[in-house]
Amino acid sequence: MRVVLLGPPGAGKGTQAKPLQEKYGICQVSTGDILRKAVREHAPLGKQAAEYLDRGELVPDDVMLKLVAERLQEKDCEKGFILDGFPRTVPQAEGLEQILRDLGSGLDFVLCIQLPQGVLIQRLSGRRTCKKCGGLYHILLNPPKREGLCDSCGGELYQRQDDREETIAARLRVFETQTAPLVDYYRMKGLLREINGVGSSEEIRSRVFQALGAEHDLS
Ligand code: AMP
C-alpha cells in the first residue's frame, strides 16, 4: 500500500503513521525527520535545509524531490510506504507522480487529517519530541511517565525549534498557502479520504483504518 498523509502541522500525521506502518508492514517516510537528522549530523543536506526549518518555511522543491526519489528506491519501501509531510506543494505532488511512474507504481490513498487552528496551536506548542527515537509526547495531553524522558527508549525529550510559538504561526500560514491546494488536487484524482482529526489518537486511528476500508482492532 502506498499512502500519503496530508494535514497541517500538529494534525497528528506522525502519530497516525505508526499504526499503519505496523498493520501493513510498510515504511514511514517522514521528510521532516529525515531533514532534522541531516541537520543534527551536519550532513550537506542538513546545511542546505537548516535555515528553512528554523524559520518554518519549506525547503525548495528540487531538494525535496531528489531526497524522496532516492528514499523511495530503497529496499524497505518495496512493499509500500506512508509519506508523512510530503508532498507539501503542487510541484512536489507532480514530481511524486513522476517518481512513482518511473518505479512502475502509483498512490493508493491520500489521507487528509483536518483540525481547527486553535487545536493545532495547542498541540504544537505543547509537543515534545524524543531526541533519540523521534517519539512524540504532549506536556498536557500525552505526558511521558518520567518528566523529560521518552517512555520507549529513555531518550531526552525536547521542544523542536519550530514548535515554538513564534514559528508555529509561520508554519500554519505556509500550510494554508502552499499545501492546502493539494486537498483539491488529490480530490480531483479520486484519491482523497478526509479524516476528522478531533479526538483521542485512538479515535483518529480508528477513523484512519475505516477510511482505508480496513478492519481494526482497537485493543
Ligand atoms: P514536519 O516535521 O513535517 O513538520 O517538517 C518540519 C520542517 O521540515 C518543515 O517546516 C519544513 O521546513 C521541512 N519540510 C518537511 N517536509 C517538507 C517538504 N515536503 N517540503 C519542504 N519542506 C519540508
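Residues numbered from 1 in each chain as written. Predicted model: local features only at pLDDT ≥ 70, side-chain atom pairs only at ≥ 80, totals over all residues. Heavy atoms only, no water.

(A) Representation of the site of the ligand in the model. With respect to spatial proximity, 17 residues lie near the ligand, and among them Thr 31, Arg 36, Glu 57, Gly 85 and Gln 92 are the closest. Within the side chain of Arg 36, one N or O atom sits 3.0 Å away from an oxygen atom of the ligand. For the ligand, a nitrogen atom lies 2.9 Å from a polar atom in the backbone of Gly 85. Summarising the interface, the protein chains cover 96% of the accessible area of the ligand, which totals 480 Å² for the free molecule. Contributing elements (two or more residues each) for the shell around the ligand: helix 2 (31–40) and helix 3 (44–55). Looking at the shell around the ligand, the element that brings in the most residues is helix 2, giving four residues. When the residues that make up the shell around the ligand are grouped by side-chain class, the tally is seven nonpolar, four polar and six charged. (Near = heavy atom within 4 Å. Polar contact = N/O pair within 3.5 Å; in protein donor to acceptor, adjacent residues only side chain to side chain. Areas by Shrake-Rupley, 256 points an atom, 1.4 Å probe, with all protein chains shown as cover. Helix = DSSP H or I, 4+ residues; strand = E, 2+ residues; numbered from the N terminus. Nonpolar A, V, L, I, M, F, W, Y, C, P; charged D, E, K, R; others polar.)

(B) Structural context of the sheet that holds strand 5 (residues 127–130). One open sheet holds the three strands; their spatial order is 6-5-7, and the pairing between them is antiparallel. Edge strands, defined here as strands with exactly one partner in the open sheet, are strand 6 (136–138) and strand 7 (157–158). Examined bridge by bridge, strand 5 and strand 7 share two bridges and lie antiparallel to one another. From the neighbouring strand, Cys 130 faces strand 7, where its bridge partner is Leu 157. (Pairing = 2+ DSSP bridges.)

(C) Just the nonpolar core, in detail. Counting 32 residues, the largest nonpolar core has Leu 72, Phe 81, Leu 83, Leu 96, Leu 107 and Tyr 186 as the members making the most contacts within it. Only strand 1 (2–6), strand 2 (27–30), helix 3, helix 4 (61–72), strand 3 (81–84), helix 5 (90–102), strand 4 (109–114) and helix 8 (181–188) provide two or more residues apiece to this core. At seven residues, the largest contribution of residues to this core is made by helix 4. In this structure, Leu 72 is in contact with Val 29, Cys 77, Phe 81, Leu 83, Leu 96, Ile 99, Leu 100 and Leu 103, ignoring residues within four places of it in sequence. (Core = buried A, V, L, I, M, F, W, Y, C linked by side-chain atoms within 4.5 Å. Buried < 20%, exposed > 50% of the residue type's maximum accessible area, 1.4 Å probe, protein only. Contact = heavy atoms within 4.5 Å.)

(D) Region of the structure containing the sheet that holds strand 8 (residues 192–196). In spatial order, the strands read 2-3-1-4-8; together these five strands make up an open sheet with parallel pairing. Here the strands that pair on one side only, and so sit at the sheet edges, are strand 2 and strand 8. Across the sheet, the axes of successive neighbouring strands diverge by a mean angle of 20°, strand direction being ignored. Here four bridges tie strand 1 to strand 3, and the two strands are oriented parallel to one another. Counterpart to Val 4 in the pairing with strand 3 is Leu 83. Across the sheet, helix 2 touches strand 2 and strand 3, and the angle it forms with strand 2 is around 65°. Of the strands in this sheet, strand 1, strand 4 and strand 8 are in contact with helix 8, which crosses strand 8 at around 130°. (Axes fitted to C-alpha atoms, helices over the stretch in contact; angles between N-to-C directions.)

(E) View of the packing of helix 5 against helix 8. Interaxial distance between helix 5 and helix 8 falls to 9 Å at its minimum, and their mutual angle equals 35°. When helix 5 is examined against helix 8, the residues Val 90, Ala 93, Glu 94, Leu 96 and Glu 97 are found in contact with a partner set consisting of Pro 181, Leu 182, Tyr 185 and Tyr 186. A breakdown of the residues in the contact of helix 5 with helix 8 according to their chemical character gives seven nonpolar, no polar and two charged.

(F) Looking closely at the pairing of strand 5. Strand direction decides the pairing type here: strand 5 and strand 6, joined by three bridges, are antiparallel. Residue Arg 127 lies in a different strand from strand 6, and its bridge partner there is His 138. The hairpin formed by strand 5 and strand 6 contains five residues between the paired strands, and Gly 134 there has a positive phi angle of roughly 80°.

(G) The arrangement of the side chain of Arg 123 in detail. Within the fold, Arg 123 resides in helix 6 (residues 117–125). Buried within the structure, Arg 123 lacks any salt-bridge partner; Glu 203 is the closest side chain of opposite charge, at an N-O distance of 8.4 Å. Once residues within four sequence positions are removed from consideration, Arg 123 is found in contact with Gly 10, Ala 11, Gly 12, Leu 115, His 138, Leu 141, Gly 197, Gly 199 and Ile 204. (Lys, Arg positive; Asp, Glu negative; His and termini not counted. Salt bridge = Lys/Arg side-chain N within 4 Å of Asp/Glu carboxyl O.)

(H) Local environment of the pattern of salt bridges. Tallied over the full model, the rule gives 17 salt bridges. The residue Asp 33 makes a salt bridge to Arg 36 at a minimum N-O spacing of 2.9 Å. Within this pair, Asp 33 and its partner Arg 36 are both found in helix 2, separated by three residues, close to a single helical turn. In this structure Asp 33 comes out as partly exposed when scored by relative accessible area, which is 37%. With a shortest N-O distance of 3.0 Å, Arg 160 and Asp 162 are connected by a salt bridge. The same class applies to Arg 160 as to Asp 162, namely buried. Among the charged side chains, a salt-bridge network with shared partners connects Arg 127, Arg 160, Asp 162, Asp 163 and Arg 171.

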